[in-house]
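So the chains spell out like this:
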Amino acid sequence: MRRQTRDLALICEAAKLYYYEDLTQDQIGEVLGLSRQKVSRLLRQAKEEGLVQIRVLEVGEERKELEEKVKARFGLKEVRVALTFTNDHQHVMRRIAQVAASYLRNVVEPHMSLGVAYGKTLFAMTHFLVPKTVPGLEVVQIMGGYGKLKGNVVAVELARAIAHNFGGNVTYLLAPAFAKDAETRLVLLRDERIARVLELAREVDMALVGVGGVTSGSTLLDTGDIYLQEVEELVHRGAVGNICGNFYDEAGEVVHCQVDERRISLPLEDLVKIPKVVGVAGGEGKLKSIFGALRGKFINVLITDDVTASALLERR
């Protein structure tokens, strides 16, 4: 038997023992005279080469029906709903993050440009990304960095992590999301490098954004970048959510406020011109923010949880 055929036979035999006979990797190693690490590599290779094809049957059509209803109701291009089995906020966020990671892996294409804005769920998504090489992928940060976040998480790390996972290049927007004052913002916007990144941001093929709130505990308020008087103004004007630091109300109308004079990010009027804008958000407290984003047509793809999706359909 030729070596190549023998190698293939070994992979198949290891897979059969594992999937058909329910032997552990240690037991397979004993039977075939291999180390546990070698068995693990063979099983991984069996999947990668298509020798093992795993099929999990869908139980019921509830999720698919829910996705189609939300898609039709709000005129979206795509909807992905994460089934949740607990109402714990952290678990719900991680569930949405995992579905978002799977979606992103399936839609990124060679030579695509991907815009990224920071969000807690988006950053959690990077934990679930499976490495995949996408030639020519360009990741562009479309919003400046926040101040110090809990856990020392900053916007640039999200863009870097996504680019690294797919073997792509990353372009950072090396500026704060909110300048100290309006004058500082204008100085920064005149910087050729910053202006160039914002120009690249306008031209991306797809944008991945979080949908934030205007309540205590939201990412934006956690940063301390929004002044108290600005928060009071936003609440007074009826703001319920923000995307890339752009605020809007529940009807989907843009809420103009003082903080706009300090913001360094892609404005909503440019964001909506991007072919695919994927909003990733869900969980308790995000319903109004997501509803307003959908009413305003600021996103055309939604990734959320089943409880939030159902609540969106009931909202008028």
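Provided above is the structure to which this section pertains.
A quick note: this is a predicted structure, and the numbers were derived from the prediction, not measured.

Chemist: Tell me about the overall build of the chain, and please be specific about residues and values.
Modeler: Along the chain, the regular secondary structure elements total 14 helices and nine strands. With respect to the three principal axes, the spread of C-alpha positions in the chain is 75 × 45 × 35 Å. Every one of the 316 residues in the chain was classed for burial, and the buried ones make up 47%. Roughly 16800 Å² of accessible area belongs to the chain as shown, and the carbon and sulfur atoms make up 50% of that amount.

Chemist: Residue-level account of the pairing of strand S2 (residues 113–116), with values.
Modeler: Along a regular strand, successive side chains alternate from one face of the sheet to the other. Burial along S2 is two-sided: Ser113 and Gly115 and Leu114 and Val116, pointing in opposite directions, are all buried. Of the strand pairs in this sheet, S2 and strand S3 (residues 138–141) are connected by four bridges, and their pairing is parallel. Counterpart to Leu114 in the pairing with S3 is Val139. Once you follow S2 into helix H6 (residues 120–125) and on to S3, the crossover reads as right-handed. In terms of strand pairing, S2 meets strand S5 (residues 206–210) through three bridges, oriented parallel. Its bridge partner being in S5, Gly115 is matched across the sheet by Ala207.

Chemist: Please provide a residue-by-residue account of the packing of helix H2 (residues 25–32) against helix H3 (residues 36–48), values included.
Modeler: When two helices pack together, their arrangement is captured by the angle between the axes and the distance separating the axes. The interhelical angle for the contact between H2 and H3, taken along N-to-C directions, is 105°, at an axis separation of 8 Å. Judged on the interaxial angle alone, H3 and H2 are roughly perpendicular. Here Gln25, Asp26, Ile28 and Gly29 of H2 lie close against H3, whose contacting residues are Arg36, Val39, Ser40 and Leu43. Residue composition of the contact of H2 with H3, grouped by class: three nonpolar, three polar and two charged.

Chemist: Give me the lowdown on the state of the cysteines, citing residues and values where you can.
Modeler: Disulfide: a covalent bond connecting the sulfur atoms of a pair of cysteines. All chains considered together, the criterion is met by zero disulfides. With no disulfide partner, Cys244 has as its closest neighbouring cysteine sulfur the one in Cys257, 14 Å distant. The buried category is assigned to Cys244, whose relative accessible area is 4%.

Procedures and definitions
- Residues numbered from 1 in each chain as written.
- Predicted model: local features only at pLDDT ≥ 70, side-chain atom pairs only at ≥ 80, totals over all residues.
- Heavy atoms only, no water.
- Helix = DSSP H or I, 4+ residues; strand = E, 2+ residues; numbered from the N terminus.
- Buried < 20%, exposed > 50% of the residue type's maximum accessible area, 1.4 Å probe, protein only.
- Areas by Shrake-Rupley, 256 points an atom, 1.4 Å probe, with all protein chains shown as cover.
- Pairing = 2+ DSSP bridges.
- Right-handed = clockwise from strand over helix to strand, strands pointing away.
- Axes fitted to C-alpha atoms, helices over the stretch in contact; angles between N-to-C directions.
- Parallel < 35°, antiparallel > 145°, perpendicular 65-115°, else oblique.
- Contact = heavy atoms within 4.5 Å.
- Nonpolar A, V, L, I, M, F, W, Y, C, P; charged D, E, K, R; others polar.
- Disulfide = S-S within 2.5 Å.

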